[in-house]
Amino acid sequence: MLKNDKVVVVMPAYNAAETLERTVADVDRDVVDEIVVVDDASRDDTVAVAERLGLFVHRHDHNRGYGGNQKSCYRLALEHGADIVVMVHPDYQYDPRLVPAMAHVIHAGVYDMVLGSRILCGTALAGGMPLVKYVANRFLTAFQNIMIGRKLSEYHTGYRAFSRRLLGTLPLEENSDDFVFDNQIICQAFAFGFRVGEISCPTRYFAEASSISLRRSVVYAFGVMATSIRLRMHMLGWRDERLFGEQGRRLELRGRRD
């Protein structure tokens, strides 16, 4: 806990049995009050490992997709009384030791969303990011910065921290259940006037780290560009997009709030 702010780490998990324990071991429990694992109908022992580690586990009875998993993650974190939520992938691709730094930035009120950028440190390729992914990352980031008038170094990291107010305000139920959810939530934050910042995060790619197929990467890329265009049109008043508007559906909390 950071003073009176409850910090909850959420882990959207799918077949993460081999890396989950290593990821959890690097989470600073002096800062993090609770770890919530949402298992998206894994075919391995992810749930058993999480339960053995004493984590709160929620299991989907069928695969809901990466975006659908995140919706469950954030809903559960808010129901558990989180003031600060940090998403950490349980595949150990992003360094969990940065959680305290990201949480402190939110706690201090500097930003409402913090992204762990793999580009700022300049070691993405050295850390094993495939060249084709790096080039695509640079192209899509440049496209989005031009379209929506921002200057982020990267829109495509899976390492993020959020304030409770942001997660309770954004119409997250309007977002895709697929990978483009990651991009939509950033664009929504800009549309609603939230402050988005970045910290440097080293990259590490290895055999057990998750990766999406070429086909799904192409689908994601087109989804990113479509989201940017939709936001631009919304900002110009040419279209009233539920994805970026007050009328959009927000997360519906169903249970406790500590």
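So, here's what we can say about the structure.

### Examining the pairing of strand β6 (residues 160–163)
Side-chain alternation along β6 places Arg160 and Phe162 on one buried face and Ala161 and Ser163 on a second face that is also buried. The pairing of strand β4 (residues 84–87) with β6 spans 4 bridges and is classified as antiparallel. Paired with Val86 across the bridge in β6 is Ala161. Pairing analysis gives 3 bridges linking strand β5 (residues 113–117) to β6, with the strands arranged antiparallel. From the neighbouring strand, Val114 faces β6, where its bridge partner is Ala161.

### Focus: the packing of helix α7 (residues 181–191) against helix α8 (residues 214–235)
Put simply, α7 and α8 touch, their axes get as near as 10 Å, and they point 15° apart. Here α8 runs roughly parallel to α7, going by the angle between their axes. Both α7 and α8 take part in a crossing whose hand is right-handed. Across the interface between the two elements, Asn183, Gln184, Cys187 and Ala191 of α7 pack against Tyr220, Val224, Thr227 and Leu231 of α8. Residues of the contact of α7 with α8, tallied by class, amount to 5 nonpolar, 3 polar and no charged.

### A closer look at the sheet that holds strand β3 (residues 56–59)
Across a sheet, strands are paired by hydrogen bonds formed along the backbone, either parallel or antiparallel in direction. Sheet architecture is open: 7 strands sit in the order β3-β2-β1-β4-β6-β5-β7, paired in mixed fashion. If you trace the sheet from one side to the other, it starts and ends with β3 and β7 (196–200), each paired once. Strand-to-strand twist in this sheet, taken as the mean axis angle between neighbours without regard to direction, amounts to 20°. The pairing of strand β1 (residues 7–13) with β4 spans 4 bridges and is parallel. By the bridge assignment for β4, Val9 is matched with Val86. Where helix α4 (residues 99–107) meets the sheet, its contacts fall on β1, β4, β5, β6 and β7, and the angle it forms with β5 comes to roughly 150°.

About the cut-offs
Residues numbered from 1 in each chain as written. Predicted model: local features only at pLDDT ≥ 70, side-chain atom pairs only at ≥ 80, totals over all residues. Heavy atoms only, no water. Buried < 20%, exposed > 50% of the residue type's maximum accessible area, 1.4 Å probe, protein only. Helix = DSSP H or I, 4+ residues; strand = E, 2+ residues; numbered from the N terminus. Pairing = 2+ DSSP bridges. Axes fitted to C-alpha atoms, helices over the stretch in contact; angles between N-to-C directions. Parallel < 35°, antiparallel > 145°, perpendicular 65-115°, else oblique. Left-handed = near helix turned anticlockwise from the far one by under 90°. Contact = heavy atoms within 4.5 Å. Nonpolar A, V, L, I, M, F, W, Y, C, P; charged D, E, K, R; others polar.

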